[in-house]
Amino acid sequence: MNPTILFKKNTRSVFFHITTHCNLSCRHCYIDPVQHGLGSIPLDQIMQWLTYLKKDNTDLVLLGGEPTLHPDLSEIVKFSRKLGFKSITIDTNGYLFHNILNRVTPHDVDFFSFSLDGPDASINDAIRGADSFETCTKGILAAREKGFSVSVIYTVSAMNLKSLNQMPVLIQKLDIQRFFIQVIGIRGNSSKNASNNQQINYEQWMTHVPKVAKQVVQLGIPVTYPKVFLQKDEFFECAGRVADYFFVFPNGRVYQCPLCEDYPIHSYMISTDGLKKMPPINEQQFFDLSIPEGCVMNKIVQPGNISYDKEGKPMHQIACCLLKEEA
Ligand code: SF4
Ligand code: SF4
């Protein structure tokens, strides 16, 4: 699933992939065992790494793979709470393995964030797999029943863009507390299989996304969505230069930029020795480059969203993928 993220200057957030195991095979899944490692990180190792990664005011997102497949998730959550993370979110596909809702409490977990990519089974299951819509919506209702705060992440692509306008009704019915709209990244499965490359352009994005975000806000539910296309008066900034984002994987790789995760150009390695910087060349050298298209990694790995005028100038700069708008 795409993680629940919000890029703010001078913030620290840890996105901890505690396992790469998953029961689903979503068409846009970005997990690549070759690059990220295969399997789950043992509990004692996770505890040690969390201790290395936590500073003041650090947000923690536990994800996978499917994090509820990790048999020690409840202990990881309780340990993280004691350690003093500012917020703890679990990103899940909704299958909620190991009876997780009965093993943690709303005091332990700030948000369960469920991935749904369609307003009904016909749209969602074509992307995420048979029965995933029914299971996920049941999981949401069960989490709300137990008093957990719940968000939903909808990853927009050409496969489900036109169905986004049906989401306000569903998320109101499911009584969710926050709605995240994500945009498909050309990573993992999407980069390997052309039929999964369902990137959308500026017109498609602007026609659908802000309008739906507004409708959801009018229901009293906050919405977060990526900026994607900068307007002429907006300033490009790379999160890799100004914020502390750590995307941690089971093989010990720690990236600062999600768009770099298909390549061995991670900024750090984490191990029993702590968090150690990698020597150049790594993703950090890309963060310092300046190009008219905005984000350098977007231009390298997913340039299909850039359009040019007759003189060959980009019509819109592409924002950092970590820059989100909050409505
Ligand atoms: S639920 Fe998440 S980790 Fe699992 S296959 Fe889907 S996108 Fe990948
Ligand atoms: S997405 Fe682009 S702008 Fe954002 S951290 Fe990565 S390279 Fe920098």
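Residues numbered from 1 in each chain as written. Chains lettered and ligands numbered in written order. Predicted model: local features only at pLDDT ≥ 70, side-chain atom pairs only at ≥ 80, totals over all residues.

## Remarks on the site of ligand 2
With respect to spatial proximity, 14 residues lie near ligand 2, and among them C238, C257, C295, M297 and C320 are the closest. For the shell around ligand 2, the secondary-structure elements that each account for two or more residues are α10 (239-242), α11 (283-287) and α12 (296-301). The biggest single contributor to the shell around ligand 2 is α12, with three residues. Residues of the shell around ligand 2, tallied by class, amount to 12 nonpolar, two polar and no charged. (Near = placed C-beta within 6 Å. Helix = DSSP H or I, 4+ residues; strand = E, 2+ residues; numbered from the N terminus. Nonpolar A, V, L, I, M, F, W, Y, C, P; charged D, E, K, R; others polar.)

## Thoughts on the packing of helix α5 (residues 121-128) against helix α6 (residues 132-145)
One way to put it is that α5 packs onto α6 with a least axis distance of 8 Å and a crossing angle of 105°. The pairing of α5 with α6 is recorded here as roughly perpendicular in orientation. Along its contact with α5, which presents A121, N124, D125 and R128, the element α6 presents S132, F133 and E134. Looking at the contact of α5 with α6, its residues break down into two nonpolar, two polar and three charged. (Axes fitted to C-alpha atoms, helices over the stretch in contact; angles between N-to-C directions. Parallel < 35°, antiparallel > 145°, perpendicular 65-115°, else oblique. Contact = placed C-beta atoms within 7 Å.)

## Quick notes on the confidence of the model for the protein chain
Chain-level statistics for the protein chain give a pLDDT mean of 92 and a share of 94% at 70 or above. Predicted confidence is poor over residues 1-5, with pLDDT under 50, and the contacts of this stretch with residues over four places away or in other chains come to 22 contacts. (pLDDT = per-residue confidence, 0-100.)

## A closer look at the sheet that holds strand β3 (residues 87-92)
Spatially, 12 strands are ordered β12-β11-β10-β9-β1-β2-β3-β4-β5-β6-β7-β14 in an open sheet, and the strand pairing comes out mixed. Bordering the open sheet on either side are β12 (274-277) and β14 (324-326), each of which pairs with just one other strand. When the angles between neighbouring strand axes are averaged without regard to direction, this sheet yields 25°. Where strand β5 (residues 150-156) lies against strand β6 (residues 178-183), six bridges are found, and the strand directions are parallel. Paired with T155 across the strands is Q182, a residue of β6. Across the sheet, α6 touches β4 (111-115) and β5, and the angle it forms with β4 is around 165°. Sheet strands in contact with helix α9 (residues 202-218) are β5, β6 and β7 (223-226), and its direction is about 165° off that of β7. (Pairing = 2+ DSSP bridges.)

## A word on the environment of C260
Here C260 is to be found in the loop between β10 (253-255) and β11 (268-271). For the pair C260 and D233, spaced 27 residues apart in sequence, the C-alpha to C-alpha distance is 27 Å.

## Let's talk about the pairing of β12
Looking along a regular strand, one sees side chains alternate from face to face of the sheet. Bridge analysis of β11 against β12 gives four bridges, and the strand direction is antiparallel. Bridging from a neighbouring strand, Y268 pairs with K277 of β12. Connecting the antiparallel pair β11 and β12 is a turn made up of two residues.

## Description of the nonpolar core
Considering soluble globular proteins, one finds that nonpolar side chains tend to be buried as a cluster. Of all hydrophobic cores here, the largest spans 81 residues; its most connected members are L62, V152, I181 and V248. Setting aside residues up to four positions removed in sequence, L62 forms contacts with F16, I18, P67, L73, I76 and I90. (Core = buried A, V, L, I, M, F, W, Y, C linked by C-beta atoms within 7 Å. Buried ≥ 20, exposed ≤ 12 C-beta atoms within 10 Å, placed from the backbone.)

## Section: the packing of helix α2 (residues 43-53) against helix α3 (residues 73-83)
Running from N to C, α2 and α3 cross one another at 25°; their axes reach a closest spacing of 10 Å. Considering the angle they form, α2 stands roughly parallel to α3. The two elements α2 and α3 meet at a crossing, and its hand is right-handed. Along the contact surface, α2 presents L43, I46, M47, L50 and T51, while α3 presents E75, I76, F79, S80 and L83. Looking at the contact of α2 with α3, its residues break down into seven nonpolar, two polar and one charged. (Left-handed = near helix turned anticlockwise from the far one by under 90°.)

## So, α6
The end-to-end C-alpha distance of α6, which contains 14 residues, comes to 20 Å, matching closely the 20 Å that a straight helix rising 1.5 Å per residue would cover. Looking at the packing, one finds that the buried side of α6 touches α4 (100-103), β4, α5 and β5. Immediately downstream of α6, the backbone of G147 shows phi near 90°, a positive value. (Expected span 1.5 Å × (residues − 1).)

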